[in-house]
There are 2 protein chains.
Amino acid sequence: MDTAKPDTTSRILDVSERLFVEHGFEGTSLRMITQQAGVNLAAVNYHFGSKDALFEAVFLRRLAPLINACLSELDTLETQPEPSVEGLVMSFIRPCLMLSKDPSRGGAIFVRLLSRTLVENHRVLRETLSQQYSLFVERYSAAFQRVLPDLDAEERAWRMHFSFSVMFNAFAGNDVLKIFTRSQVVSARDPDMIVKHLLPYVVSALVAPARI
Amino acid sequence: MDTAKPDTTSRILDVSERLFVEHGFEGTSLRMITQQAGVNLAAVNYHFGSKDALFEAVFLRRLAPLINACLSELDTLETQPEPSVEGLVMSFIRPCLMLSKDPSRGGAIFVRLLSRTLVENHRVLRETLSQQYSLFVERYSAAFQRVLPDLDAEERAWRMHFSFSVMFNAFAGNDVLKIFTRSQVVSARDPDMIVKHLLPYVVSALVAPARI
DNA sequence: GTCTATATGGGGATAGAC
DNA sequence: GTCTATCCCCATATAGAC
């Protein structure tokens, strides 16, 4: 078993990922990071150049594999003669599920970080990443058009928007009802439990006949 | 027309609400707030005591009216012999819509702040507010049980969870797909447009027959 | 690559005059 | 209630020894 501690760069990335999601970008100091990573304070600037660049590196490490897994699922789906709505939804859920079950727990944390950074509307998502992965939305838009051809484009776009919203928040573990109650209504941490209820919910909403 | 500038306390609250949602709690300094509000740096500590207390005050000003509007809608609903799922969903949407259309724009900003603070998992939502408004979840849980009696409790809780998640994020203007594309898939800023598509989406998912 | 020491600036909070 | 001036702490970043 490999119990040797990873190199400095990885240790910083792992700790940063956790601290950024816990305290946010502004709320996390280099002192917290380097202390918990067991490295010297100057190490972040030596290895990454700045706190901003470190933040970006945290994303670049995990986002590409996630996107590529989704695109690969879409490739497979497109070879099928009659792709189902379930299949399309699962092409997004499956990679998220994979992340959520990451034994190192880094993946599960990353989805939360993505969610938090999205709501923070941070520069790294607005600029660096959005232009890099716009293909993702194009491919999914086309795929949704294929499985839901009877909806007009506007209604289809909204259902897609809502569906990604609920799926993403489910995996990020965002529980709106937590605002109003200490005890959670659902035990939203077991990924398989999430999917068991999430998939039928989203599919039902997507395939509902259009209102007149 | 009343063009007189509001008093110092209100000005600080208005500016804080906007800056907190824009830059987050940690990313907003008292210097930014007092400068934009056109008041002295010491004013925040004089009127609110601390930055933490100011943050809490920003919430307390708007959350109580929102909750009370929802509870009042539920009261009305419970006088009806056969409340519909649409009616129940609208009992949450209507007060959110009212906020989103607040002519001073403060309300619309507040929903975003609520969303951001939820994801930040800030102390003020975890401690101060959750115990104060746990009645909200109890009332909605009971109401969902009444309109969806055929679902088992677990499935109902999950559907309720997902529904609040998608509704709340819709009003907060959170667009997951923005991560991957500069241009938004939907023009998510017109509240009426949101509701026109949101209500059917949520209702379809809620009323779908339970899977075997 | 790693460390210590430090430069430089901004943060929240407050004392005390007006 | 409002202002100035200031305290003290912690932030990021870097210089330079090892």
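The written sequence of each chain sets the order in which its residues are numbered from 1. Going through the entries in the order they are written, you letter the chains from A and number the ligands from 1. Since the coordinates come from a predicted model, pLDDT governs what is reported: local features require at least 70, and pairs of side-chain atoms require 80 or more to be given and counted, while whole-chain, interface and lining totals use all residues. Values shown for side chains rest on all heavy atoms present in the structure; no hydrogens or waters enter the calculation.

- As named in an unreviewed UniProt entry, chain A is TetR family transcriptional regulator, taken from Paludibacterium purpuratum.

Here we look at the protein's contact with DNA strand D
Right, so step 1: Taken together, 14 residues are adjacent to DNA strand D, and Leu 30 and Arg 31 of chain A together with Thr 8, Asn 40 and His 47 of chain B come closest.
Right, so step 2: In protein, a polar contact means a hydrogen-donor-capable atom and an acceptor-capable atom, both N or O and within 3.5 Å, with residues adjacent in sequence counting only if both atoms are side-chain atoms; elsewhere, any N or O pair within 3.5 Å suffices. With respect to DNA strand D, the side chain of Arg 31 of chain A contributes an N or O atom lying 3.3 Å from a base nitrogen.
Right, so step 3: Backbone polar atom of Asn 40 of chain B to a phosphate oxygen of DNA strand D: 3.4 Å apart, as the coordinates give it.
Right, so step 4: Counting from the N terminus, the helices are DSSP H or I runs at least four residues long and the strands are E runs at least two residues long. For the surface near DNA strand D, the secondary-structure elements that each account for two or more residues are helix H2 (30-37) of chain A together with helix H3 (43-47) of chain B.
Right, so step 5: The classification used treats Ala, Val, Leu, Ile, Met, Phe, Trp, Tyr, Cys and Pro as nonpolar, Asp, Glu, Lys and Arg as charged, and all other residues, Gly among them, as polar. Residue composition of the surface near DNA strand D, by class: 5 nonpolar, 7 polar and 2 charged. We define proximity as follows: a residue is near a molecule or strand when any one of its heavy atoms falls within 4 Å of that partner.

Regarding the protein's contact with DNA strand C
Right, so step 1: As a matter of local geometry, DNA strand C sits amid 14 residues, with Asn 40 and His 47 of chain A together with Leu 30, Arg 31 and Lys 51 of chain B nearest to it.
Right, so step 2: Take the atoms of DNA strand C that sit within 4 Å of the protein: sugar and phosphate atoms are 58% of them.
Right, so step 3: Between DNA strand C and Ser 29 of chain B, the relevant distance is 3.1 Å, taken from a phosphate oxygen to a side-chain nitrogen or oxygen of the residue.
Right, so step 4: Of all elements in the fold, only helix H3 (43-48) of chain A together with helix H2 (30-37) of chain B reach the threshold of two or more residues within the surface near DNA strand C.
Right, so step 5: For the surface near DNA strand C, the residue count by class is 5 nonpolar, 7 polar and 2 charged.

Regarding the UniProt feature "DNA-binding region" (unreviewed entry) in chain A
Right, so step 1: UniProt positions are given in the numbering used here, feature names are shortened, and annotations may be inferred rather than shown by experiment. UniProt records the feature "DNA-binding region" (unreviewed entry) at residues 29-48 of chain A, using the numbering of this structure.
Right, so step 2: Counting secondary structure, residues 29-48 of chain A comes out at 70% helix and 0% strand; the distance between its end C-alpha atoms is 15 Å.

Remarks on the relation of the copies chain B and chain A
Right, so step 1: Rotating chain B by 180° and moving it 0.0 Å along the rotation axis overlays it on chain A with an RMSD of 0.1 Å. Taken together, these values place the two copies in the relation of a two-fold axis. Relative to the rotation axis, the C-alpha of Ala 205 of chain B is the closest in chain B, positioned 2.3 Å from it.
Right, so step 2: The contact criterion used throughout is that any non-hydrogen atoms of two residues lie within 4.5 Å. Interface overlap between copies: 100% of the residues of chain B at the interface are likewise at the interface in chain A, consistent with a symmetric, same-surface contact. For this overlay, a least-squares fit was computed on C-alpha atoms, restricted to residues scoring pLDDT of at least 70 in both copies.

Quick word on the interface of chain B and chain A
Right, so step 1: Contact with chain B, which involves 63 residues of that partner, is made by 63 residues of chain A.
Right, so step 2: Here the buried area means the combined drop in accessible surface, using a 1.4 Å probe, for two parts upon being joined, counting both sides. Regarding the contact of chain B and chain A, the summed buried area is about 5,900 Å², with carbon and sulfur atoms giving 69% of it.
Right, so step 3: The three residues of chain B that bury the most area against chain A are Ile 179, Phe 180 and Tyr 201 of chain B, which together make up 14% of that side's buried surface.
Right, so step 4: We define a salt bridge as a side-chain nitrogen of Lys or Arg found within 4 Å of a carboxyl oxygen belonging to Asp or Glu. Applying the counting criterion to the chain B and chain A interface returns 0 salt bridges.
Right, so step 5: Across the contact surface, chain B and chain A share 13 residue pairs in polar contact (both at pLDDT 80 or more).
Right, so step 6: Listed by contribution, the elements that provide at least two residues to the side of chain B that touches chain A are helix H1 (8-27), helix H4 (51-78), helix H6 (106-120), helix H7 (123-129), helix H8 (134-147), helix H9 (153-172) and helix H10 (191-207) of chain B.

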